[in-house]
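Analysis of the macromolecular model
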2 protein chains.
Amino acid sequence: MFPAWRWLKRYDSGQFKADFIAALIVIAILIPQGMAYAIVAGLPPITGLYASVLPMMVYACLGGSATLSIGPVALISMMVYATLNPLYQIGSPTYIQAACLLALLVGLISLLLGIFRFGFLIRLISHPVIKSFIIASALLIALSQFKLFLAIPLDIENLAAFLTSFYHYWRFIDLATLALGLSTIALLLGLPQLLRHTRFGHILPNKFLAIVLKLIPLLVIILIIIITYVFALPEYGIQVVGEIPAALPPIAMPFWSWQMLLQLLPGAFMIAMVSFVESISIAQATAFQNRHQLNSNQELIALGVANISAGISAAFPVTGSLSRTVVNADAGAKTPLAGFISSIMMMIASFYLSQYLQLLPLTVLAATIIVSIWKLVDFKPFIDTWRYSKADGIAMWITFFAVLFIDISTGLILGIASTFLLMLWRVSRPHIAVIGRVQGTQHFRNIQRHQVITTPELISIRIDESLNFLNVHTLKEFIIATVSQHNGLKHVIINCSSISNIDLSALESLEDINHQLQKLDIALHFSEVKGPVMDKLQYSTLPQDLTGQFFLTHYQAVQQLQQDGSSPP
Amino acid sequence: MFPAWRWLKRYDSGQFKADFIAALIVIAILIPQGMAYAIVAGLPPITGLYASVLPMMVYACLGGSATLSIGPVALISMMVYATLNPLYQIGSPTYIQAACLLALLVGLISLLLGIFRFGFLIRLISHPVIKSFIIASALLIALSQFKLFLAIPLDIENLAAFLTSFYHYWRFIDLATLALGLSTIALLLGLPQLLRHTRFGHILPNKFLAIVLKLIPLLVIILIIIITYVFALPEYGIQVVGEIPAALPPIAMPFWSWQMLLQLLPGAFMIAMVSFVESISIAQATAFQNRHQLNSNQELIALGVANISAGISAAFPVTGSLSRTVVNADAGAKTPLAGFISSIMMMIASFYLSQYLQLLPLTVLAATIIVSIWKLVDFKPFIDTWRYSKADGIAMWITFFAVLFIDISTGLILGIASTFLLMLWRVSRPHIAVIGRVQGTQHFRNIQRHQVITTPELISIRIDESLNFLNVHTLKEFIIATVSQHNGLKHVIINCSSISNIDLSALESLEDINHQLQKLDIALHFSEVKGPVMDKLQYSTLPQDLTGQFFLTHYQAVQQLQQDGSSPP
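Residues numbered from 1 in each chain as written. Chains lettered and ligands numbered in written order. Predicted model: local features only at pLDDT ≥ 70, side-chain atom pairs only at ≥ 80, totals over all residues. Heavy atoms only, no water.

- The name given to chain A in an unreviewed UniProt entry is Sodium-independent anion transporter, with the source organism recorded as Acinetobacter larvae.
- Its UniProt record gives chain A a comment under Subcellular location (unreviewed entry), which states: "Membrane". (UniProt positions renumbered as here; feature names shortened; annotations may be inferred.)

Describing the overall build of chain A
- The helix and strand inventory of chain A stands at 26 helices and 9 strands.
- Over its C-alpha atoms chain A spans a radius of gyration of 31 Å, topping by over 25% the 25 Å that the globule rule assigns to 569 residues.
- Seen through its C-alpha atoms, chain A measures out along the principal axes to roughly 105 × 60 × 60 Å.
- Here chain A holds 569 residues, and the buried ones make up 58% of them.
- Carbon and sulfur atoms make up 67% of the accessible area of chain A, which amounts to about 23600 Å² in all.
- If you average the places of the 31 positive and of the 27 negative side-chain charges in chain A, the two averages end up 10 Å apart. (Helix = DSSP H or I, 4+ residues; strand = E, 2+ residues; numbered from the N terminus. Rg over C-alpha atoms; globule rule 2.2 N^0.38 Å. Buried < 20%, exposed > 50% of the residue type's maximum accessible area, 1.4 Å probe, protein only. Areas by Shrake-Rupley, 256 points an atom, 1.4 Å probe, with all protein chains shown as cover. Lys, Arg positive; Asp, Glu negative; His and termini not counted. Charge placed at Lys NZ, Arg CZ, Asp CG, Glu CD.)

Topic: empty space enclosed by the protein
- On inspection of all chains with the given rule, the structure shows 7 cavities of 30 Å³ or more.
- The space that makes up the largest cavity amounts to roughly 110 Å³.
- Forming the walls of the largest cavity are 15 residues, and the residues nearest its centre are Met56, Leu68, Ser69, Ile70 and Gly339 of chain B.
- Every element with two or more residues in the lining of the largest cavity is listed here: α4 (54-62) and α16 (337-352) of chain B.
- Taken together, the residues of the lining of the largest cavity break down into 9 nonpolar, 6 polar and no charged.
- For the second largest cavity, the calculated volume is near 80 Å³.
- In terms of lining, the second largest cavity is formed by Met423, Arg426, Val427, Glu465, Ser466 and Asn468 of chain A together with Met423, Arg426, Val427, Glu465, Ser466 and Asn468 of chain B.
- Among the secondary structure elements, those contributing two or more residues to the lining of the second largest cavity are α21 (408-427) of chain A together with α21 (408-427) of chain B.
- For the lining of the second largest cavity, the class distribution of residues is 4 nonpolar, 4 polar and 4 charged. (1 Å grid on protein atoms, 1.4 Å probe; cavity = no way out; pocket = protein on both sides within 12 Å on 5 of 7 lines; lining within 4 Å. Points joined across faces, edges and corners; volume = space filled by probe spheres on them. Nonpolar A, V, L, I, M, F, W, Y, C, P; charged D, E, K, R; others polar.)

What to know about unusual backbone geometry
- Positive phi is not limited to glycine here, since Ala232 of chain A has a value of about 45°.
- Along the chain, the position of Ala232 of chain A falls in the loop between α12 (206-230) and α13 (258-289).
- Owing to a relative accessible area of 24%, Ala232 of chain A belongs among the partly exposed residues under this scheme.
- Positive phi is not limited to glycine here, since Ala314 of chain B has a value of about 55°.
- Relative to the elements of secondary structure, Ala314 of chain B occurs in the loop between α14 (296-311) and β2 (319-320).

Topic: the interface of chain A and chain B
- Tallying the contact residues gives 71 residues for chain A and 71 residues for chain B.
- Between chain A and chain B, roughly 6800 Å² of surface is buried when both sides are summed, and carbon and sulfur atoms account for 59% of that area.
- Viewed at the interface, chain B and chain A are joined by 16 residue pairs in polar contact (both at pLDDT 80 or more).
- Per-element accounting of the side of chain A that touches chain B gives the leading share, 9 residues, to helix α23 (residues 504-519) of chain A.
- In terms of residue class, the side of chain A that touches chain B is built from 28 nonpolar, 26 polar and 17 charged. (Contact = heavy atoms within 4.5 Å. Buried area = accessible area lost by both parts, 1.4 Å probe. Polar contact = N/O pair within 3.5 Å; in protein donor to acceptor, adjacent residues only side chain to side chain.)

Quick notes on the packing of helix α22 (residues 472-485) of chain A against α23 of chain A
Residue and element names in this part refer to chain A.
- Packing of α22 against α23 brings their axes to within 9 Å, and their N-to-C directions diverge by 15°. Overall, the two elements α22 and α23 adopt an arrangement that is roughly parallel. In the packing of α22 onto α23, the handedness of the crossing is right-handed. For the pair α22 and α23, contact is made by Val472, Leu475, Lys476, Ile479 and Val483 and by Ser505, Ala506, Ser509, Leu510, Asp512, Ile513 and Leu517, respectively.
- The residue makeup of the contact of α22 with α23, split by class, is 8 nonpolar, 2 polar and 2 charged. (Axes fitted to C-alpha atoms, helices over the stretch in contact; angles between N-to-C directions. Parallel < 35°, antiparallel > 145°, perpendicular 65-115°, else oblique. Left-handed = near helix turned anticlockwise from the far one by under 90°.)

Remarks on the relation of the copies chain A and chain B
- Take chain A, turn it by 180°, move it 0.0 Å along the axis, and it overlays chain B with an RMSD of 0.1 Å. In short, the pair behaves as if placed about a two-fold rotation axis. No C-alpha of chain A lies nearer the rotation axis than that of Ser498 of chain A, which sits 2.3 Å from it.
- Of the interface residues in chain A, 100% have counterparts in chain B that sit at the interface too, so the contact is made through matching surfaces. (Least-squares fit on C-alpha atoms with pLDDT ≥ 70 in both.)

Here we look at the environment of Lys476 of chain B
- Inspection of the secondary structure assignment puts Lys476 of chain B in helix α22 (residues 472-485).
- Lys476 of chain B sits 108 residues away from Thr368 of chain B along the chain, and the two C-alpha atoms are 61 Å apart.

Re a nonpolar patch on the surface
- Together, Phe379, Trp386, Ile394, Trp397, Ile398, Phe401, Phe405, Ile406 and Leu414 of chain A make up an exposed nonpolar region whose accessible area comes to about 780 Å².
- Of note, Phe405 of chain A is situated in helix α20 (residues 390-405). (Patch = residues over 30% accessible without salt bridge, like charges linked within 9 Å, V, L, I, M, F, W, Y side chains within 5 Å. Salt bridge = Lys/Arg side-chain N within 4 Å of Asp/Glu carboxyl O.)

Some thoughts on helix α7 (residues 127-144) of chain B
- In this model α7 of chain B runs 25 Å from its N-terminal to its C-terminal C-alpha over 18 residues, within 8% of the 26 Å that 1.5 Å per residue would give.
- Most of α7 of chain B sits inside the fold, with 14 of its 18 residues counted as buried. (Expected span 1.5 Å × (residues − 1).)

Considerations on the UniProt feature "domain: STAS" (unreviewed entry) in chain A
- Residues annotated by UniProt as "domain: STAS" (unreviewed entry) correspond here to residues 448-561 of chain A.
- Spanning residues 448-561 of chain A, this segment combines 43% helix with 18% strand, and its end C-alpha atoms are found 23 Å apart.

Thoughts on the domain arrangement of chain A
- Looking at the assigned domains, one finds that chain A contains domain 1 (4-98 + 107-417) and domain 2 (432-564).
- Just the C-alpha atoms count here: the centres of domain 1 of chain A and domain 2 of chain A sit 56 Å apart. (Domains from an automatic or database assignment.)

Section: the packing of aromatic side chains
All names here are of chain A.
- Following the criterion strictly, the structure yields 32 aromatic pairs over all chains and no others.
- Look at Phe379 and Phe400: their rings are 5.6 Å apart centre to centre, the planes differ by 80°, and that puts the pair in the edge-to-face class. A residue pair is termed long-range when its members are at least 10 positions apart, and Phe379 in the loop between α18 (362-374) and α19 (380-388) and Phe400 in helix α20 qualify at 21 residues.
- You can call Phe379 partly exposed: its relative accessible area is 39%.
- Consider the rings of Phe382 and Trp397, whose centres lie 4.4 Å apart with planes at 35°: the pair is tilted. With Phe382 in helix α19 and Trp397 in helix α20, the pair connects residues that are 15 residues apart, well separated along the chain.
- Judged by relative accessible area, which is 3%, Phe382 ranks as buried.
- A residue is classified by how much of its surface remains accessible, and Trp397, at 32% relative accessible area, is partly exposed. (Phe/Tyr/Trp six-rings, centres within 6.5 Å; stacked < 30°, edge-to-face > 60°.)

Focus on the packing of helix α5 (residues 74-84) of chain A against helix α6 (residues 93-115) of chain A
All names here are of chain A.
- At their nearest, the axes of α5 and α6 sit 11 Å apart, and the two run at 120° to each other. It follows from the interaxial angle that α5 and α6 lie oblique. In terms of crossing hand, the pair formed by α5 and α6 is right-handed. Judged by residue contacts, Val80, Tyr81, Thr83 and Leu84 of α5 engage Tyr95, Ala98, Ala99 and Leu102 from α6.
- Tallied by class, residues from the contact of α5 with α6 come to 7 nonpolar, 1 polar and no charged.

Some details on the pairing of strand β7 (residues 491-495) of chain B
Residues and elements named next belong to chain B.
- Of all the 5 residues making up β7, 5 are buried; the element is thus mostly covered by neighbouring parts of the structure.
- Along β7, one buried face is formed by His491, Ile493 and Asn495 and the opposite face, lined by Val492 and Ile494, is buried too.
- The pairing of strand β6 (residues 458-463) with β7 spans 5 bridges and is classified as parallel. Across the sheet, residue Ile459 finds its bridge partner in β7, namely Val492.
- One crossover worth recording links β6 to the parallel β7 by way of α22, and it is right-handed. (Pairing = 2+ DSSP bridges. Right-handed = clockwise from strand over helix to strand, strands pointing away.)

So, α18 of chain A
Residue and element names in this part refer to chain A.
- In this model α18 runs 18 Å from its N-terminal to its C-terminal C-alpha over 13 residues, within 8% of the 18 Å that 1.5 Å per residue would give.
- Of all 13 residues making up α18, 11 are buried, and the element is well covered by its neighbours.
- Among the residues of α18, those classed as buried are Leu362, Thr363, Val364, Leu365, Ala366, Ala367, Thr368, Ile369, Ile370, Val371 and Ile373.
- For α18, the secondary structure elements touched by its buried residues are α2 (13-40), α5, α7 (127-144), α8 (146-149), α10 (175-197) and α12.

In structure tokens:
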């Protein structure tokens, strides 16, 4: 319940040094990201700093992963925007309160799911759907930044809304803002190349270079803040972050009403699901290395309390960030204390740095977001998935288009629903084969795939799926068809090596098949029935009614039945 | 497309004689049943006769089963009542028109489903749900008859409504009607006993006795009609069928409006599903015997046109009747022409007999229904199912209570939904076992179930389910747990003998597991991968990335890896 003890009781100064350095580097990345993602969520940049203070501290105490870095994340911020934008006036106090309330709800939902051991819910979302979901939302997030990048109002609930609003306002694009944004992108993309591919870069030791590369966004931002100050850019109509109260995160229960609660609930649930999926999949990778199990319910609880803390500290929903977790690990974080330290540093930063940050042009933040997000937009997964499995491919495209053209949450729901239907569809169409013995072996193989031995009065059938009401009809029809084609048939043997469960519908169909075959003087046999299945069958009348027998191996079955056949009646 | 040719071209007088006798017997049962079920549906008794004329003829031409007897059926009539009762004033012209329109819709839906090959839809309903559905509705049907049996108005949308209305009206029960009803039940139950267990019965040859037993309802009805006529029972307040127009089924398009159409659509869809399920499961049994395949799509088409014909001939939705199909087969029907003949006889009956039938007391019909339906009300299936499989048991109870306390269609939908959820739930919790070799064999078994041989640096895992996004997490967690328990582990072998499909989510998790194990210097191997699965894996990067190898048999894998282990590096 309180994993912190695990590492606290054997903590030493060496670990502290490592944790401290890691924390410092994480902060350097967190500050620009936090403000940027706050803007993605349609909130004041400072809330992005708040969003990293308490949650990090809480996760450090309750979380199971040593390196997972909790805080604002692009995808979640986007979902916050998608949830709140239709309901409240963006930028209004209600909107900001609603964001806190949303975090609170997300937290409560995760907490309850964790307490009541609903961790398995994560399994309801398949990888192709998540991928497609992330790619499509990344596209929307990148697009959403053009609002700041071009300094024109754009509606980004979905692609259609974006295009129409763009069509209306493109004449009013502010070229100065655009220029500044573009040059920021140039810097963000150019500097790394410069460091990597010039002699200058190679002076630095590799490990250090890697860290410098990570710090580039911060450096660029500092540079531009200076420029903005020196050349008084705001006077040229460049929008900047503006007035930031130099304060610690204010601890207060967000304003709420039942009506707001009900309006936010669906969105909150979706966000809770996604933040859980995102952070558990990051945490799981590290869990492997530390050779300790990750309890998904415990993670839900940690994430829940973290979000509640975000809700009461004027922030918005948070989750584990992949980029920062990787940095944290690379920088050598040893224990969750690293997160704890970053959180304290963040508190200090939000207090002292705010005065400098207010000079930061919004278009620059937009540029950093576009650069960092654009990497995610990649269509290769769609092609690969389609090649590997059509069903997964279809689910992927459904998710993609639903997210882009309806909205983020609906997209996710439709994606999930489609995977279920496609799975039921697959289960309902099992692979059934007539099998024969491979010459000179005891192995049996599909007669269509291999050169095998068969006998006229005996047919062996293998079904590669557990039997249930969705697919037993296929088996029945298959047997009717096979029987109708072969005259002089005496035995049908069903190979059950792939059957790990038989539900009642299937059981009754088997009894019916047995009964019908009996009338045609054909005996039904089963081979290689698994232990658990056999146990269950004892509760049924099939073993008594069965005209044939149960055989341990298919080879035994065929051998014995052939002998009986050849011997005189 | 027109199966009739199959038997028409080799039809002879012998077959005709058999078909004619069968037809005659079927009719004798059909007349009382038809009128009774019409009343169940809240319609004039004559429509029950109409409902058997055209549909039978149509099915004879298009249907795939030789003996299936199409016509009014208790369950469907009940659903018709459940659909129409909330919408229209029972007995009103609109109600009757709506019934025809409903049949038309049911027909169109079935027809379209058949044309577009949606026959597989039948698989969406599991046996436990169907059983529970039939038992619960039988209960409701029986209860619904007390309206006529006690001559008081009763609301029978669900059990609660029934009880409240009964509480209101029980004082007004008409004792004369009740007495007549009870004596009818006494006759219907008593006469068979008399015939079976007294010397009188044994005079008759068995086959003939069987037929006589089937005719009892008709005989009782004739007897009571005579009594009613002689003693002028209507004057004592006994309600009779009353005025029946002596006419052939009037062919006419039922009155319709878009509004009605939309109101009836959901009900129509449910009825189409149920009638399909009922008639296909009856037809399938016979198909087996005639050793010809039954095309479920063709059956849908036949059923569809049959219902359309019902809709345009002043009738209501129909389907295959189990009781009459059995009688038809026992009486020796050889070809669908039997159905064709019954249909013509029915036409004559509905024309000439109507004048006698109008003296039939309603309570007598109610009594026949109660007697025939009550057989279906049986709770043994609930106990058996629960013993065999908890999941099926739960689905059964959900269906039962939903039908009784909400309404028939909602009950069916909830039942179906629950089976899906319970199946996904089961798929998400696969059986995973660490396996070891059984001393002196090449077989591997669960180490918890059997006494087996294992080696410290090697672990064999078997999962008894196809891998997909719902269950791969379980495997991953299982492996993390196992690995964390065993130090000095070198090899993990996954036995794939039960895996018939690996979806993309599972594939990626496997690659991840492989990648993570690699960092711990543990090699991942697969054994007994099925052909189709292996084919699919070729499209993935797993075979290249895999630290271990693929083995044909698990025995090979263990042998080889142990040798490598023992040999110096």
